[in-house]
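Listed below are the residues making up each chain.
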Amino acid sequence: MGTPSPWAVLVLTMVLVGLWAPHGVYGQPNFIVILADDVGWGDLGANWAETKETPHLDQLAAEGTRFVDFHSAASTCSPSRASLLTGRLGVRNGVTHNFAITSVGGLPLNETTLAEVLQEAGYSTGAIGKWHLGHHGLHHPNSRGFDYYFGIPYSHDMGCTDTPGYNLPPCLPCPQHGAAARVVRKDCYTDIALPLFENVTIVQQPVTLSSLATRYAEAATRFIQRASDSGRPFFLYVALAHMHVPLWDPLAAPSSGRGIFGAALSEMDALVGRIKQVADSHGKGNTLLWFTGDNGPWAQKCELAGLVGPFVGAWQRQRGGSSAKQTTWEGGHRVPAVVYWPGHVPAKRTSRALLSTLDIFPTLVALAGAVLPPNRRFDGLDVSPVLFGWSDEGHKVLLHPNSGAAGKVGEIETLRLAQYKAFYTTGGAMACDGSIGPAEHHQPPLIFNLDRDIQEQEPLDVASREYQAVLPIISRAYAQALEDIAADNVSVADYSKDPAVIPCCNAQHVACRCHAAHTATLELHTERRTTQLCL
């Protein structure tokens, strides 16, 4: 046997003296994971001085640890969320692109969610906000480990509302009368209203977007109160509508130099601050709160999109297209991240460890004293030593899947190794100016040194000593990663579509409108829906 590493010796010593036993010493902590939508790395004031709209998040960072090299597991909605809740990339869990309102399937049922593991470990589990991992039958959150659910089944631009807010292109409100002529607009859902669920019941359709943040805060407060009253630890997953379009005029928001985007960012910030306040009121230090984002800004939405900070993907921009959401450039997947747990996670600390939303699953499982599901491999790490400030070592290799801009969706053609980032395929998503960067394949790969070139502007010269030294290491790491995936138990998601599965409160009413006295309830144990309720 080899000599134990200094880190292994340190951990063993801490275990022997009782200093490192999070579950044993602290009991089972509560967990709150807040996932913002389409938020840029530069949309957090603690990251980017130009941003002034996030005082609560900045305070959270001051009272906790801020992670500046933190990445979403994919650069688009459904794959990113599936990876967070399974600790596995889409090539393993089967979710490689977004689900539709007509999707029959969702996150494969043989994949185990974080909520299911924690539920088994004695936790009360709740999900508030956007789901987007399948809404039909057993794919609903109540069948994926969540005792309580309150939210929308997919992105809030995937259904019409009476006050459609701000989007590019602008979308029309829901029709009021069936005979009214409809103007079909690209990227707008005009015929089916956006539903709001509480558990399996549609409680409003269409959703009133301007009150959504308030309703989420109220639902979070109720869940935390009930879980605390029960004496059980809780896991609350809050998947915000902010900062995805359409944006809306908040009910009460301070003026901002960033217009409607800044007002919406302020509302998101206040919502996070409210949830933190409620959690602290039930015992400061009992709850770990982890804030991050699902992917970078949606650049084609122009002034309605967030800020990438310095991660501009200059090489791609020079060739057309966006280097943010849907791409594997830093702006697509490097997201803000803060962890707050008074007395356990150091305050006023900035970590440069290479971490990912993939790490949330194994880390919380470890802190809860639970065990990972068997017979599968995980891309995430237990990074609790990093959270506690004992280490700043994260991933040695981090894989970035294609997310819609170029290459086959879900495939791994970009990877990070230490400060180096290698692209076997590049491409740009649609930019504000309408340009799209064409897909380009690179053999040998483009390699950037992010320590010197955070803007990803100038790849290393293939003839340079640095390139020649790092290429074999990257090639070996890439081959090993692909071999590991090929040897794993991988799942396949059902992406088939059927209009009969669209959530619909009342199919007899135009746009599936709900009247106050009318609600519709899903039947979770059936695999087909009747067309009468469009469920």
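Owing to the predicted nature of the structure, the values given are computational and were not obtained by experimental measurement. (Residues numbered from 1 in each chain as written. Predicted model: local features only at pLDDT ≥ 70, side-chain atom pairs only at ≥ 80, totals over all residues. Heavy atoms only, no water.)

(A) Geometry of the confidence of the model for the protein. On average, residues of the protein score 91 in pLDDT, and 89% of them are at 70 or above. Across residues 525–535 the pLDDT falls below 50, and counting only partners more than four positions away or on other chains, this stretch makes 37 contacts in the model. (pLDDT = per-residue confidence, 0-100. Contact = heavy atoms within 4.5 Å.)

(B) Looking closely at the environment of P246. Tracing the backbone through its elements, the reader meets P246 in the loop between β8 (234–239) and α8 (259–281). With 88 residues separating them in the primary sequence, P246 and M158 have C-alpha atoms 10.0 Å apart. If we skip the residues at most four places from it in the chain, P246 touches H156, D157, P164, G165, Y166, N167 and L209. (Helix = DSSP H or I, 4+ residues; strand = E, 2+ residues; numbered from the N terminus.)

(C) The arrangement of the pattern of salt bridges in detail. Overall, the coordinates contain 23 salt bridges when judged by the stated rule. A salt bridge links E53 to R258, with the nearest nitrogen and oxygen atoms 4.0 Å apart. A residue pair is termed long-range when its members are at least 10 positions apart, and E53 in the loop between β1 (30–36) and α3 (55–63) and R258 in the loop between β8 and α8 qualify at 205 residues. Its relative accessible area of 8% is what places E53 among the buried residues. Salt bridges here are not isolated pairs; linked through shared partners, they connect R88, R92, E111, R377, D379, D484 and D488. (Salt bridge = Lys/Arg side-chain N within 4 Å of Asp/Glu carboxyl O. Buried < 20%, exposed > 50% of the residue type's maximum accessible area, 1.4 Å probe, protein only.)

(D) Representation of the state of the cysteines within the structure. Tallied over the full model, the rule gives 5 disulfides. Here C171 connects covalently by a disulfide to C188, the sulfurs 2.0 Å from one another. Where C171 bonds to C188 through sulfur, the torsion about that S-S bond is close to -80°, and the disulfide is left-handed. With C171 in the loop between β5 (148–151) and β6 (196–198) and C188 in the loop between β5 and β6, this pair connects stretches of sequence that are 17 residues apart. Taking the relative accessible area as the measure of exposure, C188 reaches 13% and is therefore buried. Each sulfur of the disulfide joining C302 and C432 lies 2.1 Å from the other. Here the disulfide of C302 and C432 is right-handed, its torsion about the S-S bond being about 110°. With C302 in the loop between β9 (287–293) and α9 (314–317) and C432 in the loop between β15 (420–426) and β16 (440–449), this residue pair connects regions lying 130 residues apart in the sequence. (Disulfide = S-S within 2.5 Å.)

(E) Focus on the pairing of strand β14 (residues 412–417). When you tally the buried positions in β14, you get 6 out of 6 residues, the bulk of the element. Judged from the 5 bridges that link them, strand β13 (residues 397–401) and β14 form a sheet pairing that is antiparallel. Note on β14: the bridge partner recorded for P401 is I412. Two elements, β14 and β15, share 4 bridges in a ladder whose sense is antiparallel. Along β15, the bridge assignment pairs R416 with K421. A loop of 2 residues connects β14 with β15, the two strands running antiparallel in sequence, and A418 in this loop sits at a positive phi of about 55°. (Pairing = 2+ DSSP bridges.)

(F) Molecular detail of unusual backbone geometry. Backbone torsion omega between L168 and P169 reads 0°, so that peptide bond is classified as cis. Mapped onto the secondary structure, P169 falls in the loop between β5 and β6. Following H242, the chain continues into M243 via a peptide bond in cis, with omega recorded as 10°. One can find M243 in the loop between β8 and α8. One non-glycine residue, A418, adopts positive backbone phi at about 55°. Judged by its relative accessible area of 38%, A418 falls in the partly exposed class.

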